[in-house]
Amino acid sequence: MIGKLKKHIYLASPHMSEQGYEQEYINEAFETNWIAPLGKNVDEFEKGMAQKLGAKAGVALTTGTAAIHLALKTVGVGKGDIVFCQSLTFSASANPITYQNATPVFIDSDEETWNMSPDALERAFEKYPNAKAVIVVHLYGMAADLDKILEICNRHCIPLIEDAAESLGTTYKGRYTGTFGHLGIISFNGNKIITTSGGGMLLLNGDNAEAEAKKARFWATQSRDPARHYQHSEIGYNYRMSNIVAGIGRGQLKVLDDRVEKKRYIYNYYQEHIGDLDGLHLMPMHEWVRSNCWLTALTLSGKITPEMLINALEEDDVESRPIWKPMHLQPAFAEYDYIDNGGVAQNIFENGVCLPSDTNMTDGDLERVCAGILRLWA
Ligand SMILES: *Cc1c(COP(=O)(O)O)cnc(C)c1O
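What you see is a predicted model; the values in this text were computed from it and never measured.

**Regarding the site of the ligand**
Around the ligand, the structure places 15 residues, and the nearest of them are Thr 65, Asp 163, Glu 166, Ser 187 and Lys 192. Contact distances for the ligand include 2.7 Å between an oxygen atom and a backbone N or O atom of Gly 64. Contact distances for the ligand include 2.6 Å between an oxygen atom and a side-chain N or O atom of Glu 166. Relative to its unbound accessible surface of 380 Å², the ligand loses 94% to contact with the protein.

This is the structure in structure tokens:
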């Protein structure tokens, strides 16, 4: 068996800077013994990220999921409130709605963006005029139809929360995703475009951004009232990012632009080498968005099925994945309502595949992935 000599190709794996920036910031934290809690890396990571993206403030947290939870608290979502949430997404977008004992209503996608259908959202407001918030997702780096969705939210005076966990570095009409909604969230989980091993950030874009950031930091550190004796007038959470983890984040932030360029290069490589195959359709791109191309995703409409493609790549030690299974099809969310737009999300799920989009890949690796796909069409 010489097969094992072949390199395993990952969907997406952590990619620290070649310059070793992350290690420098971690060393600095060790030297000053600012291991925990908080410290300079956390402050600088929040400031640096907010500045880079054009958000008014950022709050560094343990996960992107925690950021969504605190976003919901910030806009006052509580028991029994309706929250409209994109159905085609990872469960982390929707889980925090239930942490607040609120009720998700799932919204179908449109074919143009794979993200929330403005049409379905409009119909959701007709059915639930008292909804409390909207969670839109920028799936795989592709921006949602923000102009239309914001117009609908503004008309109904409802805050928009952007789940930009997968779209850090994507711009919509020249502005970074995560900065359009009243609140945005990003994730630094191990598979995201930059990673801190695990982490997330709440982005605040509203008129009261500083006050809201202060409140989010309060909740994230167990809601300790200003008193020596540990006084709590509200329930809190242990959601704050550590100073070591934030050091990795500061280093990774310096290479975010490089990672976006590499991801876009990977998308274009696939476009060039397999983009014209019969019945294979890469995720749509539009002139009004510059995607970070976090994962290159595609749908299949011919003889080759997603399972055939995934299995063939797996035999060659190449990791690929199905598209996220929509929330309205998940047993855990079976009891909640769903506003349909012709089954777009389900269709993308049933026919979709995510190709390896690891920034550590070489041209040789990309060639190997494409060769494996081309063999299926031969
Ligand atoms: C990764 C991800 C999250 C959650 O991020 P964590 O940091 O893993 O909690 C939320 N939404 C989407 C769409 C994601 O892909």
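There is more to say after this.
**Description of helix α5 (residues 118–127)**
For α5, every residue scored as buried is listed here: Pro 118, Ala 120, Leu 121, Ala 124 and Phe 125. Each buried residue of α5 sits inside an arc of 155 degrees when the element is viewed along its axis, so together they form one side. The exposed residues of α5 that point more than 90 degrees off its buried face are Asp 119 and Glu 126. For α5, the elements touching its buried residues are β2 (82–86), β3 (103–107), β4 (133–137), α6 (146–155) and β14 (338–339).

**Quick word on the sheet that holds strand β12 (residues 296–300)**
Across the sheet, which stays open at both edges, the 4 strands sit in the order β10-β12-β15-β13 with antiparallel pairing between neighbours. The sheet is open, and its two edges are formed by β10 (280–282) and β13 (321–322), each paired on a single side. In terms of strand pairing, β12 meets strand β15 (residues 352–355) through 4 bridges, oriented antiparallel. Along β15, the bridge assignment pairs Leu 298 with Val 353. On the sheet, helix α9 (residues 256–274) packs against β10, β12 and β15 and is oriented at approximately 155 degrees with respect to β10. Packing against the sheet, helix α11 (residues 344–351) makes contact with β12 and β15, and its axis sits at approximately 60 degrees to β15.

**So, the nonpolar core**
Core analysis: the largest hydrophobic core is formed by 65 residues, its most contacted members being Met 49, Phe 84, Val 134, Tyr 140, Leu 168, Ile 186 and Phe 188. Three or more residues apiece are contributed to this core by two domains, here domain 1 (21–253) and domain 2 (256–377). If sequence neighbours within four positions are ignored, Met 49 has contacts with Leu 168, Ile 186, Phe 188, Ile 194, Met 201 and Leu 253. If you look at the next biggest cluster of nonpolar residues, it comprises 36 residues, including Ala 102, Ala 133, Met 327 and Tyr 338.

**Some points on the sheet that holds strand β9 (residues 200–204)**
Sheet strands pair by backbone hydrogen bonding; their relative direction is either parallel or antiparallel. Strand order in the open sheet formed by 8 strands is β1-β9-β8-β5-β4-β2-β3-β14, and the pairing between neighbours is mixed. Edge positions in the open sheet fall to β1 (57–61) and β14, since each of these has one partner strand only. Of the strands in this sheet, β1, β8 (183–187) and β9 are in contact with helix α2 (residues 40–53), which crosses β1 at around 135 degrees. The strands that helix α3 (residues 64–74) touches are β1, β2, β4, β5 (160–163), β8 and β9; relative to β8, the one it contacts most, it runs at about 170 degrees.

**Thoughts on the side chain of Ser 109**
Take Ser 109: it is sitting in the loop between β3 and α5. Relative accessible area serves as the criterion here: at 0%, Ser 109 is assigned to the buried category. Looking at Ser 109, its side chain comes within polar contact range of the main-chain oxygen of Trp 114, at 2.7 Å. Ignoring any residue separated from it by four or fewer positions in sequence, one finds Ser 109 in contact with Gln 86, Leu 88, Trp 114, Asn 115, Met 116, Ser 117, Asn 341, Val 344 and Ala 345.

**Some words on the packing of α2 against helix α8 (residues 243–253)**
Two measures define how a pair of helices packs: the angle their axes make with one another and the distance between the axes. Where α2 contacts α8, the axes come no closer than 8 Å and their chain directions differ by 35 degrees. As α2 runs across α8, the sense of the crossing is left-handed. Counted together, Lys 40, Asn 41, Val 42, Glu 44, Phe 45, Gly 48, Met 49 and Lys 52 of α2 and Asn 243, Ala 246, Gly 247, Gly 249, Arg 250 and Leu 253 of α8 form the full contact between these two elements. When its residues are assigned to classes, the contact of α2 with α8 shows 5 nonpolar, 5 polar and 4 charged.

**Remarks on empty space enclosed by the protein**
By the definition in use, this model includes 1 cavity of 30 Å³ or more. A volume near 60 Å³ is recorded for the largest cavity. Ser 13, His 15, Lys 192, Ile 193 and Thr 359 are the residues nearest the centre of the largest cavity, which is lined by 13 residues in total. Looking at the lining of the largest cavity residue by residue, the class counts come to 4 nonpolar, 6 polar and 3 charged.

**Points about helix α10 (residues 306–315)**
If you check which residues of α10 are buried, you get Pro 306, Leu 309, Ile 310 and Leu 313. Projected down its long axis, α10 carries its buried residues within an arc of 95 degrees, all on one side. Seen from the buried face of α10, the exposed residues on the opposite side, beyond 90 degrees, are Glu 307 and Glu 315. In this structure, the buried residues of α10 make contact with β12, β13, α11, β15 and α12 (363–377). With its phi angle positive at about 65 degrees, Asp 317 sits one or two positions after the end of α10.

**Focus: the pairing of β9**
Regular strands have side chains that alternate between both faces of the sheet. Most of β9 sits inside the fold, with 5 of its 5 residues counted as buried. Burial of β9 is two-sided: the residues Gly 200, Leu 202 and Leu 204 facing one way and the residues Met 201 and Leu 203 facing the other way are all buried. With 5 bridges connecting them, β1 and β9 associate as antiparallel partners. Its bridge partner lying in β9, Val 59 is registered against Leu 202. Relative to β9, β8 runs antiparallel, the two sharing 5 bridges. Bridge assignment links Leu 183 to a residue of β9, and that residue is Leu 204.

Criteria and thresholds
Residues numbered from 1 in each chain as written. Predicted model: local features only at pLDDT ≥ 70, side-chain atom pairs only at ≥ 80, totals over all residues. Heavy atoms only, no water. Near = heavy atom within 4 Å. Polar contact = N/O pair within 3.5 Å; in protein donor to acceptor, adjacent residues only side chain to side chain. Areas by Shrake-Rupley, 256 points an atom, 1.4 Å probe, with all protein chains shown as cover. Buried < 20%, exposed > 50% of the residue type's maximum accessible area, 1.4 Å probe, protein only. Helix = DSSP H or I, 4+ residues; strand = E, 2+ residues; numbered from the N terminus. Arc of directions from axis to C-beta. Contact = heavy atoms within 4.5 Å. Pairing = 2+ DSSP bridges. Axes fitted to C-alpha atoms, helices over the stretch in contact; angles between N-to-C directions. Core = buried A, V, L, I, M, F, W, Y, C linked by side-chain atoms within 4.5 Å. Domains from an automatic or database assignment. Left-handed = near helix turned anticlockwise from the far one by under 90°. Nonpolar A, V, L, I, M, F, W, Y, C, P; charged D, E, K, R; others polar. 1 Å grid on protein atoms, 1.4 Å probe; cavity = no way out; pocket = protein on both sides within 12 Å on 5 of 7 lines; lining within 4 Å. Points joined across faces, edges and corners; volume = space filled by probe spheres on them.

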